[in-house]
Structures are given as C-alpha cells and as structure tokens.
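A structural walkthrough
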Amino acid sequence: MTAPVRTRRPAGAPVLRPERKQGSTAADAALTLVGACFLLPLLWLVLGSLDPEAGHETRVPRTPGLDNFAAIMTPELLFQPLWNSLVLSAGTGAVTLAAAVLAAYPLSRYRSRFNTPFLYAVLFGTCLPVTAIMVPVYGLFVQLELLDSMPATIFFMATTTLPMAIWMTRNFMDSVPLSLEEAAWVDGASRMAALRTIVLPLMRQGLGVVFIFVFIQAWGNFFVPFVLLLSEARQPAAVSIYSFFGQHGAVAYGQLAAFSILYSLPVLALYVIVSKGAGSSFALSGAVRG
Amino acid sequence: MQLDHRARQLVRYLPVLPAVLLLLVFLAGPVVWAFQASLTNAGLTGRSARNPEWVGLENYQRLLADPAFPLSLGLTVLFVGGSAVIGQNLLGLAIALLMRRARPAVSSLAGTAVVAAWVLPEIVAAFAAYAYFSKDGTLNQLLGSLGLGRPEWLYAFPMVAVMLANTWRGTAFSMLVYRAALNDVPAEISEAAQMDGARGWQRLLFITLPMIRGSIATNLMLITLQTLAVFTLVWVMTAGGPANASATLPVLAYTEAFKFGDIGYGTAVASVLILIGAVFGAVYIRLLKEPRP
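Residues numbered from 1 in each chain as written. Chains lettered and ligands numbered in written order. Predicted model: local features only at pLDDT ≥ 70, side-chain atom pairs only at ≥ 80, totals over all residues. Heavy atoms only, no water.

Notes on the domain arrangement of chain A
All names here are of chain A. Just so we agree on the cut-off: As used throughout, domain bounds are those supplied by an automatic or database domain assignment. Note on contacts: a residue pair is in contact if any heavy atoms of the two residues lie within 4.5 Å. Note on definitions: buried area is the accessible-area loss of two parts on being combined, 1.4 Å probe, summed for both. Here, a salt bridge means any Lys or Arg side-chain nitrogen found within 4 Å of an Asp or Glu carboxyl oxygen. The definition of a polar contact used here is a pair of N or O atoms within 3.5 Å, where within protein one atom must be able to donate a hydrogen and the other to accept one, and adjacent residues in sequence count solely through side-chain atom pairs. Amino acids outside the nonpolar list (Ala, Val, Leu, Ile, Met, Phe, Trp, Tyr, Cys, Pro) and the charged list (Asp, Glu, Lys, Arg) are all regarded as polar, and Gly is one of them.
Per the domain assignment, the segments making up chain A are domain 1 (27-65) and domain 2 (74-288). Domain 1 and domain 2 are separated by 31 Å when their C-alpha centres are compared. Listed per partner, the contact involves nine residues of domain 1 and seven residues of domain 2. Summed over both partners, the interface of domain 1 with domain 2 comes to about 580 Å²; 77% of that surface belongs to carbon and sulfur atoms. It is Trp44, Leu45 and Ser49 that lose the most area in domain 1 upon contact with domain 2, and together they represent 57% of the buried surface on that side. At the boundary of domain 1 and domain 2, one finds zero salt bridges. Connecting domain 1 to domain 2 are zero residue pairs in polar contact (both at pLDDT 80 or more). Broken down by class, the residue content of the side of domain 1 that touches domain 2 amounts to four nonpolar, four polar and one charged.

Printed below as a string of structure tokens:
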C-alpha cells in the first residue's frame, strides 16, 4: 500500500512566505474590493426578502418585516415544491451512489486492461454539455412515454452526475487498504460482503461527500426538471419558483427573494458541512484529479 | 483455462453493469437519437411529432442559411472566451494569488463571498443577476450615484450583462483549483529566484505559472465545458433576446425546439453543440493522459 507521498518541509525548518510583509495591505484592499463586488448582487436578495414593497433596486426596507416569508408559507407555493425537490435530489443521490459504488469496486480492486479505457470513456461522458442533450432527451422521453415521470427524471439526473461520482468514489475507495478486506476473505466473506461490511464503512466520509455533491447539483438543477416534469404537482422548487414568478405579469419581488432564500438554505448548509468536515479542496481534488 | 479466466473476469466486472446501463440508456442513447432526429422533420406536436419524416441534411442546410445560427455560434464563442477563459480564469488566478499575500481573515472572508455565488442554486443566482442588471437594479444605482448614467443593460448590452453574470457565478471554481495548485508549488523555488533578484511579476511569469501549467490547462478545459452548457443564467436574464442578441447555442436549441416546436431543427443545433463539447472533451482527456510534470 503506497500512501500518497508529498514533499514536505521538515518540521522546524523556517517557513518563509515570500513578500508577506510588503504586499499585505495592498492585497487586503484588493481582496476586500473583490469580495464586496461578489456580495453586491446577493445584497438585493437579503434586503428584498425583508421588504414588503421590494422592487429591483437594493435599498434598506422602509418597513422591514417577515411579511414576504409569511405570504409564501403555503403548501402549494412552498412546501410541495420543496418536498418534490427533496424527493428528486435524495432519489438522484441514492441511485447515483449505489451505481457508483458498484462500478467503482471492480475498477478499484482489479487490475485489468478494461479499467483505463472505461474510466476515460466515463470521463468523456462528463464533458458532454448536458443542456445540449436536453432536446434529444425530451424527444426520447416522448417516445418512451416517460415524460412527467418522477422516477425516469431521477434516473436521468443520476446518469448525468454518475461519471463524476464514479471517479470520486473510485478515488476514495483506492485509499481504503486492501489488507483489511483480505482478512475478511480469509474468514470466508464474499467480495460483496466485504465491500458492504469493511470497505463502505471505512469510506463513509467519502461517500457522504459524493452524496452531498450529487444532492447539491440535483437540488439546484433547473433545466432538467423544467424540460422533463410538466405537471405542477411534480415540479421541484427550482421550476415552480420560475413558473410562479417568471410568468406572472406583476412580480412580487419581495416574495421571490424570500422564496430564493428558503430554497437556498439547505444547499448552503450542506456545503458548509462538506467544507468543514472534509475540506472543499479535498472534495474537489477527488473530483478534478485522476 | 483461457475461457475460465475470461468468465471469471466477466463475473468480477458484473457490478459495473448498472452504471453502464444507465450511461447507455440516458447518455449515449440521447446522443445517438440526436444525430438521427436531426435528419428528420420531427415536431413538438401534430403529425410530424408521431411520424417524423426523413429529410436528410435539410436541417443542417437550414442551419447554414439561417442567420441566427452563425450569430449564435459567434455569441457562444464570445460568451466562453469572455466569461470563462478571460473572466473566470484570470480573476480566479488573481484572487488565488492575492490570497497568498493577504491576511488570512481577509482572504477567507473574500473566499466565502466568491464561493457563495457559486454554491447558490443556479435559478437563484440567475434571479439575483437579473435584478442586479435590471434598469433600476443595484448596478445602475451605483453608476447613477456616480453620475455615469443608467443604461438598460439587459436590452442595450445583453452579452455584457450575461458575461459579467457568468464570471460572477463561476469564478469560485477557478479560484479553488488555483489555490490548490499554488499550495503545491514549493516555496524554496520561489525563494531561490528571489535571492537571484527576480521581481514579483518575473517570478510569477517564469516560475509559478509554468509550474502550475497542468492545472491551468485542466481548469481551462473544465470551465470551457461548463460555460458551453450554461442555459439557466442566460434564459432567466434575457431569454436569448432581444431578437437573438444573446442566444447562445443551448438557448437557441431550446427556443427552436420548444418555442417554435421544431424538434428536428432544435436537435440539429444541439448536435453541433454536442460535437463541440466532444472535441473539447477529447482534448481534455488527452491532456489528462499525458504524464504530469
């Protein structure tokens, strides 16, 4: 088992950060400016949600209150779409994770000429622009009579995230030492039993990262359910927010902002969990690096 | 013996089957279907929806004759070049470099602000960007207070607005990639160059950038592919308008297929986009296969 070897400075050696002293203040100012520019468009969301008379402009509410939140807290406006989002995202996460774990196991554990071409073919799949596939997918769903079907949409969304999930899962699985499994085989466990009882529990943090990664993508996905789910009762929050606020002439901007915030909160929370727990660069390196 | 080995190999790889089936049915299937449907006159409703007729390359001939298509191709190149290759890439690199010099508290706060735009659901980011660039939105409030006028960004300069919005939305990815890459550059090399009298920008140009060129190439390919596929941001902000002035290829394919009900023509546009994605994807995989320096 080869642990990843990194060239590290021996402990105790002086850590020099070049230009730390002279560049600091200018860099601070520049970064503060950049951060402010990135926050500016979000300011409208926060202020607008608290302003019953909100329009396009950003302003401090004259009569701040939670009226907007109260107005959208109805079953058909908020709870049903959020429930649909949850079903769609959790379903996508579960299907993706199951297929990715099964696929990653042989790819991680056996040496074969099949592995590398397969992994690169899968990676190639991630490269195809999903938005370009939506028109043909719509046509395909019409012919197979799968349109407006929640399970079919879940399977399609799972497929679009599957390539990335297989790569990440395989990388996480590679870091579980083979020796632990071998001990289980000696005791008579089958390969699948060893996968379930030894490998998966050891990589549960990695599996959590993959699940959350897929969940966040599915939760935020607008275009796929927009094209594939037609009836209002099945539409997730991403689509209902668009059809409610985008197509009604007089737009209640305050309510739109309030809805956006409630709809974004779960994703923000999940992102914080991942980046606190495992480090976002860790998750990213699992995704980006081979 | 040989057969036995192959049979065992097959059984071992059985768990890959569900993933392969999903990818064949829902990814490879639509791609094949797209190329086939782009050769028919398939419609959204009516007779041509049930029994599409074979029309050969007619849709592609229409593409070349239709002024909307070359325009859309050009807008897509502009969108990817301006907001991904220049905007996200350079800004992400600049932020990552600045973060190494700034105080940790400042750099983590700025990092959070940049990442926030990236983590939000795309429809929320799109609404926020729409409000920001609208006539009495935040940007015009700022410009107006400086006495610089209040242009109608979404009508007068739709491409500028969507490119800025996409830069805002996607820079976090490049920033994270470059932060990870810069952390792997050994400080000793930079220090040695400093002793030899190299200035800051010289060290960046001749030492740091060449050392992270693998990450730069990877990042450029990934953000190009991501930006090629951007639909929601453009759709919510301008819906491709006014008069196709911001209709990138995904928006054009959607409009042709669903607004005008011409699935055959829409899939022809989509097929072109799939081909472009495939070329970039192939280049990206070639890059990954090369041994890293």
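Comments concerning the interface of chain B and chain A
What counts here: Helix and strand assignments follow DSSP, with helices taken as H or I runs no shorter than four residues and strands as E runs no shorter than two, numbered in order from the N terminus.
Listed as interface residues are 94 residues of chain B and, on the opposing side, 87 residues of chain A. Summed over the shared surface of chain B and chain A, the number is one salt bridge. Between A:Asp28 and B:Arg103 there is a salt bridge; the shortest N-O distance is 2.7 Å. Taken together, chain B and chain A are joined by seven residue pairs in polar contact (both at pLDDT 80 or more). With 14 residues, the top contributor of residues to the side of chain B that touches chain A is helix α16 (residues 263-289) of chain B.

Quick look at unusual backbone geometry
Residues and elements named next belong to chain B. Here is the rule we go by: Accessible area is worked out with a 1.4 Å probe on protein chains only. A residue is then buried under 20% of its type maximum, exposed over 50%, and partly exposed in between.
With a phi close to 55°, Ala239 is a non-glycine residue in the positive phi region. Its place among the elements puts Ala239 in the loop between α14 (232-237) and α15 (249-259). In this structure Ala239 comes out as partly exposed when scored by relative accessible area, which is 34%. Residues other than glycine seldom take positive phi values, yet Asn244 does so here, at roughly 65°. Looking at the element boundaries, Asn244 is found in the loop between α14 and α15. Residue Asn244 is classed as partly exposed on the basis of its relative accessible area, which comes to 31%.

A word on the packing of helix α5 (residues 130-143) of chain A against helix α6 (residues 150-174) of chain A
All names here are of chain A. Put simply, the test is: Axis definition: a line fitted to C-alpha atoms, limited for helices to the stretch in contact. Angles are taken between N-to-C directions and run from 0 to 180 degrees. Under this scheme an angle from 65 to 115 degrees is roughly perpendicular, one under 35 degrees roughly parallel, and one over 145 degrees roughly antiparallel; angles in between are oblique. Here a crossing is called left-handed whenever its near helix is offset anticlockwise from the far helix by less than a right angle, and right-handed whenever the offset is clockwise.
Two elements in contact, α5 and α6, have axes whose closest approach is 13 Å; the angle formed by their N-to-C orientations is 150°. Put simply, α5 runs roughly antiparallel to α6. In terms of crossing hand, the pair formed by α5 and α6 is right-handed. On α6, the residues touching Val130, Met134, Val137 and Phe141 of α5 are Ala152, Thr153, Phe156 and Thr160. When its residues are assigned to classes, the contact of α5 with α6 shows six nonpolar, two polar and no charged.

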